[in-house]
Amino acid sequence: MFRGKDNRHVVSIHDFSKDDILDFVDITQRIKENHAGYSAALKGKRMARLFYSASTRTFETHGEAMRRLGGQAELGFRSTEGTSAKKGESLASTLRMYQRYGADVIVLRHPRDGSARYATDIVNGPWIINGGDGNNEHPTQNMMDIFTINEKQGRLDGLTVIFFGDLRYGRTTRLVYPLSLFDGNRFVFLAHPAVSMPEHVKEYLRNRNVEFDEFRDPKIFPDLVHEADIAYGSRNQEERWPREGTTEGDLMRREVINSVVLTKAVIKRACPRENFMVMHPLPRDMRAPCITDDVKETPYCWYDEQAENGVYARMGILYSQFHDWWLDE
Amino acid sequence: MSDKAVRAIRFGMVLDHIRPGLGAVISNVIKNRVWSEGVTHPVYTGEGVSSSRMSRKDFVKLDGMHLELGSDALSEIAVIQPDVTVNWIENGERTQKRTARECIGDEIHTDLIECGNPNCIANYEAHGVYEVLDRESLRVRCRYCGTEFKAKYNGRL
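Residues numbered from 1 in each chain as written. Chains lettered and ligands numbered in written order. Predicted model: local features only at pLDDT ≥ 70, side-chain atom pairs only at ≥ 80, totals over all residues. Heavy atoms only, no water.

K.L.:
How would you summarise the overall build of chain B if you had to cite specific residues and measurements?
P.N.:
Looking only at helices and strands, one finds three helices and nine strands in chain B. Ordering the α and β elements of chain B from the N terminus gives α-β-α-β-β-α-β-β-β-β-β-β. Each principal axis of the C-alpha atoms in chain B carries an extent, and together these give about 50 × 35 × 25 Å. Counting only residues that meet the buried cut, chain B has 48% of its 157 residues in that class. Summarising the internal contacts of chain B: among those between residues at least 6 apart in sequence, 58% fall at separations of at least 24. Carbon and sulfur atoms make up 44% of the accessible area of chain B, which totals about 7,600 Å². The centroid of the 21 positive side-chain charges in chain B is displaced by 6 Å from the centroid of its 22 negative side-chain charges. (Helix = DSSP H or I, 4+ residues; strand = E, 2+ residues; numbered from the N terminus. Buried < 20%, exposed > 50% of the residue type's maximum accessible area, 1.4 Å probe, protein only. Contact = heavy atoms within 4.5 Å. Areas by Shrake-Rupley, 256 points an atom, 1.4 Å probe, with all protein chains shown as cover. Lys, Arg positive; Asp, Glu negative; His and termini not counted. Charge placed at Lys NZ, Arg CZ, Asp CG, Glu CD.)

This is the structure in structure tokens:
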């Protein structure tokens, strides 16, 4: 899964090949089926979670994954409140400190793009896991989504995937990158133009001859769902939008919120395929959800399973950082 | 620059056709890069010298050592002004001449560029590291956030 012993950081989904991803799915499945068998796999290893931005699931699942593998996850903080970051301490200084405290792996969530890659230049010893760097990447979320898709669909190729909601500021829709490594996958982007899929992502797909279509009119949603295997929602990332009170920020809040919403009625009209699944990285913003509550009443809602798989996926990643299981076989 | 000025150095570098005002900046780049390694070869700066090609120009001479092709110093000079003429001098004769643009390495380590992504850590805390994608257009990719953009001198130094 990792190509060498000297680099087992998890910074970008681009660092993983198709074979790496298949290895990851393999070990995660084995762990999920028999997690008791791995309960001492990371005994004596310590995780530090340095979270400069808010998180529920990414923070908790990494800690829970470490504990289930027999390691410790007491080091770190889940908010900069009360830390020396508030006194102006640099990220580099904080990273070096946690290295000195004995962290074997550091999960970093930071508001600046590129902070996780930068962290790999600073530390010497602990592996870095990118828990989300600004608007940039969230690779472990992409990996758990891949695992969930494979679990439900039984394959990672030949899929039609709709991405809808805030595709511009949402990191998790970068799931297109690993999925584009597999043959025959087709993507559909449905979003208000202000939050459409970024041009560099579309350029990436064009350069690799990966098929995609782009729509902005929500009226087409049932037709898209009818032909899709997966609909993946991304909440409005208002915390990353231009500020409220600015012309652009106010316009976005007026026009984007509630512009594309998946409802039970949309699904009913669509008559989806039997294998259709609705995914969402959570949290859903209950003030203006891109997926309404009543979707839960359909048999297609998979985001609770997706969230649960967050623990197993992170167990698979952590286990692979410290064990060369794929070399032994 | 006159031939006499070039001949005045037996072994070293002459950076010529520098836009007026940038000579001191380029001199500082060399001092920061070379002197920080414990070497103190003399660096001379000429400012506002008359030139047939560009009316007025600056020049910088580094006496006693050569900068390597692809070095951080030459890459930074290329960012500041890509068409600076870089001359290598041995035994008082010019042995090689290139534009600064042709001297850029595969990677530039510098704080003289702002990453094209305003939210990148390189614009706040990290020292910038950029992979050079195209020397002619100075297109680079940020090591940290992956953003591709055209490198532009940010006016520091």
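Next comes the rest of the account.
K.L.:
Account for the interface of chain B and chain A, with residues named and values stated.
P.N.:
Counting from both sides, the interface comprises ten residues of chain B and, opposite them, 16 residues of chain A. The junction of chain B with chain A conceals about 1,100 Å² of combined surface from both sides, 44% of it contributed by carbon and sulfur atoms. Connecting chain B to chain A are one salt bridge. Taking the shortest distance from any N to any O, the salt bridge between R143 of chain B and D121 of chain A comes out at 2.5 Å. (Buried area = accessible area lost by both parts, 1.4 Å probe. Salt bridge = Lys/Arg side-chain N within 4 Å of Asp/Glu carboxyl O.)

K.L.:
Account for the pairing of strand β4 (residues 85-90) of chain B, naming residues and giving values.
P.N.:
Residues and elements named next belong to chain B. The element β4 is largely enclosed, with a buried count of five among its six residues. Where strand β1 (residues 12-18) meets β4, five bridges bridge the pair, whose relative direction is antiparallel. Opposite L15, over in β4, you have V86 as the bridge partner. The pairing of β4 with strand β5 (residues 93-99) spans six bridges and is classified as antiparallel. Directly across from T85, in β5, lies its bridge partner T99. Between β4 and β5, which pair antiparallel in sequence order, lie two residues; one of them, N91, sits at a positive phi of approximately 50°. (Pairing = 2+ DSSP bridges.)

K.L.:
Lay out the environment of S90 of chain A with the relevant residues and their values.
P.N.:
Mapped onto the elements, S90 of chain A comes out in the loop between β2 (72-77) and α3 (91-100). For S90 of chain A, the side chain forms a polar contact with the main-chain nitrogen of S93 of chain A, separated by 3.0 Å. (Polar contact = N/O pair within 3.5 Å; in protein donor to acceptor, adjacent residues only side chain to side chain.)

K.L.:
Give a description of the packing of aromatic side chains that names residues and reports values.
P.N.:
Under the counting rule described, the total for this entry stands at 15 aromatic pairs over all chains. Each ring, one from Y177 of chain A and one from Y204 of chain A, has its centre 4.6 Å from the other, and the planes form 75°; the classification is edge-to-face. Of this pair, Y177 of chain A sits in helix α6 (residues 176-179) while Y204 of chain A sits in helix α7 (residues 199-207), and the two are 27 residues apart along the sequence. Per residue, the accessibility class of Y177 of chain A equals that of Y204 of chain A, and both read buried. Taken together, a centroid distance of 5.7 Å and an interplanar angle of 85° make the contact between Y130 of chain B and F149 of chain B edge-to-face. Highlighted residues: Y130 of chain B in strand β7 (residues 128-134) and F149 of chain B in strand β9 (residues 148-150), separated in sequence by 19 residues. (Phe/Tyr/Trp six-rings, centres within 6.5 Å; stacked < 30°, edge-to-face > 60°.)

K.L.:
Describe the side chain of H280 of chain A, naming the residues involved and giving the relevant values.
P.N.:
Residues and elements named next belong to chain A. Turning to its location among the elements, H280 is positioned in the loop between β9 (277-279) and α11 (303-322). A polar contact is formed between the side chain of H280 and the backbone nitrogen of L282, at a distance of 2.8 Å. If we skip the residues at most four places from it in the chain, H280 touches G233, S234, R235, C290, I291, Y303 and Q306.

K.L.:
Give a detailed account of the packing of helix α5 (residues 139-153) of chain A against α11 of chain A, specifying residues and quantitative values.
P.N.:
Residues and elements named next belong to chain A. The contact between α5 and α11 brings their axes to 8 Å, and the two run at 110°. Taken as axis vectors, α5 and α11 run roughly perpendicular relative to one another. As α5 packs across α11, the resulting crossing turns out to be right-handed. Contacts between α5 and α11 involve T140, Q141, M143, M144, D145, F147, T148 and E151 from the former and Q306, A307, N309, G310, A313, R314 and I317 from the latter. Of the residues assigned to the contact of α5 with α11, the class counts are six nonpolar, six polar and three charged. (Axes fitted to C-alpha atoms, helices over the stretch in contact; angles between N-to-C directions. Parallel < 35°, antiparallel > 145°, perpendicular 65-115°, else oblique. Left-handed = near helix turned anticlockwise from the far one by under 90°. Nonpolar A, V, L, I, M, F, W, Y, C, P; charged D, E, K, R; others polar.)

K.L.:
Lay out the nonpolar core in plain terms, naming residues and giving numbers.
P.N.:
Counting 69 residues, the largest nonpolar core has F163, F187, F189 and L318 of chain A as the members making the most contacts within it. Considering every element that reaches this core, the biggest residue donor is α11 of chain A, with seven residues. When neighbours within four sequence positions are excluded, L318 of chain A is seen to be in contact with L42, M47, H62, A65, M66, L69, V105 and I129 of chain A. Grouped together as the second largest cluster of nonpolar side chains are 63 residues, L91 of chain A together with V60, M65 and V79 of chain B included. (Core = buried A, V, L, I, M, F, W, Y, C linked by side-chain atoms within 4.5 Å.)

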